[in-house]
Amino acid sequence: DTTSAIIIGTPVHSAGAYALNSFLSNQKEIQDIYPYCKLVLAVPEYEQDFIKTIEALVQLCHLKSEIIAYSVQKPSYASNRIWNIVSARNAIRSYFLNNTTAGKLLFLDSDMTFDPRIISILESNMHNNSALFSGYYLRDGRLGLAGAGCLMMDRKVMELSLIHI
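What this report covers is the structure whose coordinates are included nearby. Since the structure is predicted, the reported quantities are computational estimates derived from the model, not experimental observations.

**Some thoughts on the pattern of salt bridges**
Summed over all chains, the structure comprises six salt bridges. Linking Arg117 and Asp115 is a salt bridge whose minimum nitrogen-to-oxygen distance equals 2.8 Å.

**A word on the nonpolar core**
Core analysis: the biggest nonpolar cluster contains 29 residues, and Ile8, Leu24, Leu106 and Ile119 have the highest contact counts within it. When residues of this core are traced back to their parent elements, those giving at least two are strand S1 (6-11), helix H1 (20-33), strand S2 (37-44), helix H2 (48-60), strand S4 (104-108), helix H4 (118-126) and strand S8 (150-154). With 17 residues, the next largest nonpolar core counts Ile68, Tyr70, Leu105 and Leu151 among its residues.

**Notes on the sheet that holds S1**
If you trace the six strands from one edge of the open sheet to the other, you get S3-S2-S1-S4-S8-S5, paired in mixed fashion. One side of each edge strand has no neighbouring strand; the edge strands of this open sheet are strand S3 (65-70) and strand S5 (131-133). Neighbour-to-neighbour, the strand axes of the sheet open up by a mean angle of 20°, direction not taken into account. Pairing between S4 and S8: five bridges, direction antiparallel. Across the sheet, Leu106 pairs through a bridge with Met152, a residue of S8.

The rules behind these values
Residues numbered from 1 in each chain as written. Predicted model: local features only at pLDDT ≥ 70, side-chain atom pairs only at ≥ 80, totals over all residues. Heavy atoms only, no water. Salt bridge = Lys/Arg side-chain N within 4 Å of Asp/Glu carboxyl O. Core = buried A, V, L, I, M, F, W, Y, C linked by side-chain atoms within 4.5 Å. Buried < 20%, exposed > 50% of the residue type's maximum accessible area, 1.4 Å probe, protein only. Helix = DSSP H or I, 4+ residues; strand = E, 2+ residues; numbered from the N terminus. Pairing = 2+ DSSP bridges. Axes fitted to C-alpha atoms, helices over the stretch in contact; angles between N-to-C directions.

Without other data, these values stay purely geometric and don't point to any function.
Printed below as a string of structure tokens:
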């Protein structure tokens, strides 16, 4: 049933890939539990050498995956890296809507690892909601609620969304 499939979407770029090996190993643990999920990595199109590196790494990990190259869509007034993340997530959203029939999209950051049961943990807490965001503990013990390092959304909300994330 493809509606029960889940796309795990992850923006990644070479400068922020310091935990990529751990992340990919963790993705293998997740896929071993949830064989119906697929990892989609969005990489800036100008990083062709890095794309080749990632292709080799996902093969070594035996991951069901797709690597998509995206162009950074940044307004002329913008000056920070957030637009890279926005462009990557928009590329993943477009891939999810136009190339799959998966029922859910789960954004995970590549500099984090997750409980291998993350999908059932999130699904069991979604109840009748269309999206669920998970915070994380910061080094100083406070709860971090910024970003979207662990965000699950169902297809319905992504199809109805008039704005890009």
